[in-house]
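Breakdown of the fold
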Amino acid sequence: MSLVSGSRTRRKSPAGTPSTSTAMPSESAKEPAAGLPIALSGSRLHRPPVLPRILRAVLTGATKSAAIVALLLVWELAPRFGLVDRTFLPPFSEVAQAWWELVVNGQLADNAQASLVRSFSGFGIAVGVSVPLGLLIGWYRPVADLLNPLLQVFLNTAALALLPVFVLLLGIGETSKISIVVYACAWPILFNTISAVRTVDPTLLRLAKSMDLSAPRLFQKVILPASVPTIFTGIRLAGAVSIVVLVAAEMIGAKAGLGYLINASQYNFAIPQMYAGIVTISVIGVAFNQLLVAAEKRLSSWRVPVTG
C-alpha cells in the first residue's frame, strides 16, 4: 500500500519499515534547459558562411561588368596600336583625364545640372499627365475610340521633327526645351498605360466582380496593381528618350547643358572633352534607368516571382 502526498511518496520497505523518498525531476524535464544552448550553437553552426556570399557577389559583379571592361580595353588599345586614328578617337585614358579636368574646373557640373533640370522637369510633367490620361483612356472604351486616331498621328510624328515648331512658338529658352522633352516622353508612357489597363488578366476581373467590388475599388485593388509593370516599361522608355531628345535640342540652341558641351567641344576640336560629355550622358542614363528599376521593384513587391 502506498500513499501519495504532494511530491513525497511513502512506501514500505521489505523489512516493513516505512521509508520516505523525495521525487526528483525527470531527465526529460532537464532536456530543454540543457538543450537550449546546443540548439542555439547549432543554428550558428548551420548559418551560411560569409566568405562564399562575398565571393558570389564579386563574381556576379565581375560577370555583369565584363562586357563594359572589354569595351574600355578595346577603346584604350585600338588608338594606341593605330587601328583607328587617335585624332578622332583618343584612348580612353585621355578621355578620362579630360573628364577629370572638366570636373575640376566646374564645367561638367554646371552643364550636367542644366541638362538634368530640363530633363527631369519634362519627364516629371510627362509622367504626371500621361499616366492618369492613359488609365482613363484604357478604362473607358468610348474615350479610347474617340481619341485613338489623333493619338496615332502624334505618336508617328517624331519629336525632333517638331523642334523648330517648338522654338518658333515658345522661343529658344528653357520652355521650348522642356516642352520638347514632355512631348517625346508622353507617348511611350501613354500607350503603355493604355495597353496595361486593357491587358489585365480577365480571370482577376471575374474574381473581383464576383466579390461585388465597386468600380473604384475594382480599379484600385485590381486594375492599378496589375498595370504597374507595363506602365513602368513605358516610364523607363521615356526616361531614355528624355535624355536623348534633350541633348539633341541643346545642340541646336542652348548656352549650357551636356548637348551644348559636346557641340562646343566638337567645334573647338577638343575631342577628348567631347567624348567626356558623351560618357557622362551614358552614365546618367544608366543611373536613371537603375533608379526606375528600383522604384518598379518597390511598387511591384507584391508580385510572386516566377520560379522555373
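All figures in this text were calculated on a predicted structure; none of them were measured in a lab.

Of regular secondary structure, the protein chain possesses 11 helices and 3 strands. N-terminal to C-terminal, the α/β element order of the protein chain is β-β-β-α-α-α-α-α-α-α-α-α-α-α. In the protein chain, buried positions account for 31% of the 308 residues. Across the protein chain, contacts joining residues at least 24 apart in sequence account for 67% of those joining residues at least 6 apart. On the protein chain, roughly 19800 Å² of surface is accessible, and the fraction owed to carbon and sulfur atoms is 68%.

A separate point is the environment of Y260. Take Y260: it is sitting in helix 10 (residues 258-267). With residues up to four places along the chain from it excluded, the contact list for Y260 reads N111, E250, A254 and K255.

As a further point, take the nonpolar core. Counting 51 residues, the largest nonpolar core has F123, L151, I180 and L258 as its most contacted members. Of all elements in the fold, only helix 3 (92-104), helix 4 (107-139), helix 5 (141-155), helix 6 (163-170), helix 7 (174-198), helix 9 (215-252), helix 10 and helix 11 (271-299) reach the threshold of two or more residues within this core. Looking at this core element by element, the count peaks at 12 residues for helix 7.

Our next topic: the environment of V95. As for its position among the elements, V95 is in helix 3. Expressed as a C-alpha distance, the spacing of V95 and M274, which sit 179 residues apart in the sequence, is 8.5 Å.

Moving on: the packing of helix 9 against helix 11. At a closest axis distance of 10 Å, the pairing of helix 9 and helix 11 adopts a crossing angle of 165°. Between helix 9 and helix 11, the interaxial angle falls into the category roughly antiparallel. Seen from above, helix 9 lies across helix 11 with right-handed handedness. Residues V228, P229, F232, I235, R236, G239, S242, I243 and V247 of helix 9 pack against I281, I284, G285, F288, N289, L292, V293, A295, E296 and L299 of helix 11.

Moving on, we come to the packing of aromatic side chains. Any two aromatic rings considered together are summarised by their centre-to-centre distance and by the angle between their planes. Under the defined criterion, the tally for this structure stands at 9 aromatic pairs. Between F120 and F288, the aromatic rings sit 5.0 Å apart at their centres with planes inclined by 50°, giving tilted as the arrangement. Remark: F288 occurs in helix 11 and F120 occurs in helix 4; sequence separation between them is 168 residues. Here F120 falls in the partly exposed class, since its relative accessible area comes to 39%.

Attention now moves to the side chain of S227. Here S227 is to be found in helix 9. For S227, a relative accessible area of 0% puts it in the buried group. Residues in contact with S227, not counting those within four places in the same chain, are A196, V197 and V200.

Our next topic: the pattern of salt bridges. Inspection of the entire model under this criterion finds 4 salt bridges. A salt bridge links E94 to R86; the shortest N-O distance between them is 2.6 Å. The class of R86 is partly exposed, set by a relative accessible area of 36%. Bridged by salt links that share partners, the residues R118, E174 and E250 form one connected network.

Mapped onto the elements of the fold, N111 is located in helix 4. N111 has contacts with A256, G257, L258, Y260 and L261, leaving out every residue within four places of it along the chain.

Taken N-terminus to C-terminus, the directions of helix 5 and helix 7 make an angle of 145°; their axes are 12 Å apart at the nearest point. Handedness of the crossing formed by helix 5 with helix 7: left-handed. Note on element contacts: helix 7 touches helix 5 through Y183, W187, L190, F191, I194 and R198, opposite R141, A144, L151, Q152, F154 and L155. In the contact of helix 5 with helix 7, the residues fall into 9 nonpolar, 1 polar and 2 charged.

Moving on to helix 9. Counted at 1.5 Å a residue, the expected span for helix 9 with its 38 residues is 56 Å, but the 48 Å between its end C-alpha atoms falls short. When the local axis directions of helix 9 are compared, the greatest deviation, roughly 50°, occurs at V228, which is followed within four positions by the proline P229.

For the protein chain, per-residue confidence averages 78 on the pLDDT scale, and residues scoring 70 or more make up 81% of the total. Confidence over residues 304-308 falls short of pLDDT 50; this stretch has 0 contacts with residues more than four positions distant or in other chains.

Here the focus is a nonpolar patch on the surface. Residues L73, L77, F81, L83 and V84 make up a contiguous nonpolar surface patch of roughly 510 Å² in combined accessible area. With respect to the helices and strands, L77 occurs in helix 2 (residues 50-80). Taking relative accessible area as the criterion, L77 reaches 36% and is therefore assigned partly exposed.

Definitions and cut-offs
Residues numbered from 1 in each chain as written. Predicted model: local features only at pLDDT ≥ 70, side-chain atom pairs only at ≥ 80, totals over all residues. Heavy atoms only, no water. Helix = DSSP H or I, 4+ residues; strand = E, 2+ residues; numbered from the N terminus. Buried < 20%, exposed > 50% of the residue type's maximum accessible area, 1.4 Å probe, protein only. Contact = heavy atoms within 4.5 Å. Areas by Shrake-Rupley, 256 points an atom, 1.4 Å probe, with all protein chains shown as cover. Core = buried A, V, L, I, M, F, W, Y, C linked by side-chain atoms within 4.5 Å. Axes fitted to C-alpha atoms, helices over the stretch in contact; angles between N-to-C directions. Parallel < 35°, antiparallel > 145°, perpendicular 65-115°, else oblique. Left-handed = near helix turned anticlockwise from the far one by under 90°. Phe/Tyr/Trp six-rings, centres within 6.5 Å; stacked < 30°, edge-to-face > 60°. Salt bridge = Lys/Arg side-chain N within 4 Å of Asp/Glu carboxyl O. Nonpolar A, V, L, I, M, F, W, Y, C, P; charged D, E, K, R; others polar. Expected span 1.5 Å × (residues − 1). Bend = angle between axes of the 7 residues up to and from the residue. pLDDT = per-residue confidence, 0-100. Patch = residues over 30% accessible without salt bridge, like charges linked within 9 Å, V, L, I, M, F, W, Y side chains within 5 Å.

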